[in-house]
Amino acid sequence: MSQVVGKTRLAYARSWHHIDIGADSRALGRVASSIALILMGKHKPIFDPSTDCGDYVVATDCANLHTTGKKRFQKLYRTHTTRPGSLKEINMDRMMAKWGGGEVLRKAVSGMLPKNRLRKERLARLKTFEGHAHPYGENVLKVANGGGQSIVEMPEIKKAFEEAKGSAQAPAS
């Protein structure tokens, strides 16, 4: 999984993190800030602000985003094309109905990433899904909110370890 990134000779290993938004009791902003830290790579000892060494994040069940207070109905997302009269506003509830909870989560995470040349690349590593199903099941090695499965607990790896133990313990004749 190592690869050369940019003009550097360093090899970064990118792991995949899974976050189940529906099962997570944290509010939208708390989840978004933890996702932003993973995308930037601040959880790694090799973190450097000028290089992109972050990981992938798969967020499932985004349809069940949790917000506090009346944010769902009062928070407005505004867009403007700099032409007179082109200001458009949409509240969070209508945005979730139109584009889904994944877009709301993506906008929250985007606001927490540094505003520099790496922002788009980091945000592209965030994969959001409305339901529980996603095509990255084989890539995910650990779950960010505690209920994770380590690589040693995977059935294929367990079987390989048991076979290796059996062959090591068998007497050579």
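These numbers come from a predicted model, not from an experiment.

A.B. asks: Explain unusual backbone geometry to me, and be specific about the residues and the numbers.
C.D. replies: Non-glycine residue Asp61 carries a positive phi angle of around 60 degrees. Secondary-structure assignment places Asp61 in the loop between β4 (56-60) and α2 (71-74). Residue Asp61 is classed as buried on the basis of its relative accessible area of 9%. At Thr82, a residue that is not glycine, the phi angle is positive and equals roughly 70 degrees.

A.B. asks: I'd like to hear about the packing of aromatic side chains, residue by residue, with values.
C.D. replies: Following the criterion strictly, the structure yields three aromatic pairs and no others. Ring centres of Trp16 and Tyr56 lie 4.2 Å apart, and the angle between their planes is 5 degrees; this geometry places the pair in the stacked category. Taken as a pair, Trp16 in strand β3 (residues 16-20) and Tyr56 in strand β4 lie far apart in primary sequence, 40 residues in all. Judged by its relative accessible area of 22%, Tyr56 falls in the partly exposed class.

A.B. asks: Report on the side chain of Thr67, specifying residues and quantitative values.
C.D. replies: Mapping Thr67 onto the fold places it in the loop between β4 and α2. Relative accessible area serves as the criterion here: at 17%, Thr67 is assigned to the buried category. With near-sequence residues (within four places) excluded, Thr67 lies in contact with Leu28, Arg72 and Met92.

A.B. asks: Lay out the pattern of salt bridges in plain terms, naming residues and giving numbers.
C.D. replies: Going through the model one piece at a time under the given rule, you end up with seven salt bridges. One salt bridge in this structure joins Glu89 and Arg78, with 2.8 Å as the shortest N-O distance. Taken together, the residues span a long stretch of sequence, with Glu89 in strand β6 (residues 88-91) and Arg78 in strand β5 (residues 76-79) at a distance of 11 residues. Using a relative accessible area of 44% as the deciding quantity, one classes Glu89 as partly exposed.

A.B. asks: Explain helix α4 (residues 101-112) to me, and be specific about the residues and the numbers.
C.D. replies: In a regular helix each residue adds 1.5 Å, so 12 residues correspond to 16 Å; α4 covers 17 Å between its end C-alpha atoms and thus fits that length. For α4, every residue scored as buried is listed here: Gly101, Gly102, Val104, Leu105, Ala108, Val109 and Ser110. At its buried positions, α4 is contacted by α1 (28-40), β4, β5, α3 (92-99), α5 (119-124) and β7 (126-128).

A.B. asks: Could you give an account of the pairing of β3, with specific residues and numbers?
C.D. replies: Within β3, five of the five residues are buried, which leaves the element mostly enclosed by the surrounding structure. Residues Trp16, His18 and Asp20 line one face of β3 and the alternating positions His17 and Ile19 line the opposite face, and both faces are buried. Here five bridges tie β3 to β4, and the two strands are oriented parallel to one another. When the bridges of β4 are listed, Ile19 appears paired with Ala59. Taken together, β3, α1 and β4 form a β-α-β motif whose crossover is right-handed.

A.B. asks: Outline α3, supporting the account with residue identities and numerical values.
C.D. replies: Along α3, the residues classified as buried are Met92, Met95 and Met96. Viewed end-on, α3 has its buried residues packed into an arc of 100 degrees, placing them on one side of the element. Along α3, exposed side chains directed more than 90 degrees from the buried face belong to Arg94, Ala97 and Lys98. At the exit of α3 stands Gly100, carrying a positive phi of roughly 95 degrees.

Reading the values: the criteria
Residues numbered from 1 in each chain as written. Predicted model: local features only at pLDDT ≥ 70, side-chain atom pairs only at ≥ 80, totals over all residues. Heavy atoms only, no water. Helix = DSSP H or I, 4+ residues; strand = E, 2+ residues; numbered from the N terminus. Buried < 20%, exposed > 50% of the residue type's maximum accessible area, 1.4 Å probe, protein only. Phe/Tyr/Trp six-rings, centres within 6.5 Å; stacked < 30°, edge-to-face > 60°. Contact = heavy atoms within 4.5 Å. Salt bridge = Lys/Arg side-chain N within 4 Å of Asp/Glu carboxyl O. Expected span 1.5 Å × (residues − 1). Pairing = 2+ DSSP bridges. Right-handed = clockwise from strand over helix to strand, strands pointing away. Arc of directions from axis to C-beta.

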